[in-house]
Amino acid sequence: ISAVSTMVEDRSYAKKRGEFHISDKLGDILKTKYRVKVDDKNREWSVENIVEEDENGKVVIGGDYVPSPLCKLDGPTHTMDEDSKT
């Protein structure tokens, strides 16, 4: 998670500096390699849901929300539920 967090932060700072070629490249890596979706408006990121069948044919769905280090947990932009903030 720390590598992804660092890349998300680096992408955000590159956008602020106007280095869009860098932010776009980091965004592509996050999406393709780590299945990470970045929500710039809310300043948060999440891992896209993964749907697959297990050995018993049951559907397994995985995906996690991760609050951005760029925004305070109690900030109004965080959309996660209160239990996840602790």
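See the structure above.
First, a word on what this report is: a plain description of the structure on this page. Since we're looking at a predicted model, the values are computed, not measured. (Residues numbered from 1 in each chain as written. Predicted model: local features only at pLDDT ≥ 70, side-chain atom pairs only at ≥ 80, totals over all residues. Heavy atoms only, no water.)

1. Quick notes on the overall build of the protein chain
Selection rule: Each helix corresponds to a stretch of at least 4 residues labelled H or I by DSSP, and each strand to a stretch of at least 2 residues labelled E; elements are numbered beginning at the N terminus. Any residue under 20% of the maximum accessible area for its type is buried, any over 50% is exposed, and the rest in between are partly exposed; the area is computed with a 1.4 Å probe on protein chains only. Computed by Shrake-Rupley with a 1.4 Å probe, the accessible areas treat only the displayed protein chains as cover when residues are assessed.
When its secondary structure is counted, the protein chain shows two helices and five strands. The order of α-helices and β-strands along the protein chain, N terminus first, is α-α-β-β-β-β-β. Classification of the 86 residues of the protein chain by burial places 26% in the buried group. When the accessible area of the protein chain is evaluated, it comes to approximately 6200 Å², of which 51% is carbon and sulfur surface.

2. Some points on unusual backbone geometry
Although it is not a glycine, Arg35 adopts a positive phi angle of roughly 60°. Along the chain, Arg35 turns up in the loop between helix H2 (20–34) and strand E1 (36–39). Accessibility expressed as a relative area gives 36% for Arg35, which makes it partly exposed.

3. Re H2
As a reminder, the rule being used: The length a helix should cover is 1.5 Å for every residue beyond the first. As used here, the arc belongs to the directions running from the helix axis to the C-beta atoms. When checking whether two residues touch, look at their non-hydrogen atoms; a contact exists if any pair is within 4.5 Å.
For H2, with 15 residues, the first-to-last C-alpha span of 20 Å sits near the 21 Å given by 1.5 Å per residue. Every buried residue of H2 is listed here: Ser23, Leu26 and Leu30. Buried residues along H2 cover an arc of 65° about the axis, so they all sit on one side. Exposed and facing more than 90 degrees away from the buried side of H2 are His21, Lys25, Lys31, Thr32 and Lys33. Residues of H2 that are buried make contact with helix H1 (2–16) and E1.

4. Focus: H1
The α-helix advances 3.6 residues per turn, and as a result positions three or four apart in sequence lie on the same side. Helix length check: H1 (15 residues) gives 21 Å between terminal C-alpha atoms against 21 Å at 1.5 Å per residue, within 8%. Looking at the buried residues of H1, the elements they touch are H2, E1 and strand E2 (44–47). In the segment just after H1, Gly18 is the residue with positive phi, at about 80°.

5. Considerations on the nonpolar core
Buried together is how nonpolar side chains tend to be arranged in soluble globular proteins. To keep it simple, the criterion reads: In plain words, nonpolar cores are sets of buried Ala, Val, Leu, Ile, Met, Phe, Trp, Tyr and Cys residues tied together by side-chain atoms within 4.5 Å.
In terms of nonpolar packing, the biggest core is built from seven residues, these being Val4, Met7, Val8, Leu26, Leu30, Val36 and Trp45. Of the residues forming this core, the biggest block, three residues, is contributed by H1. Beyond its immediate chain neighbours, meaning those up to four positions away, Leu26 contacts Met7, Asp10 and Arg11.

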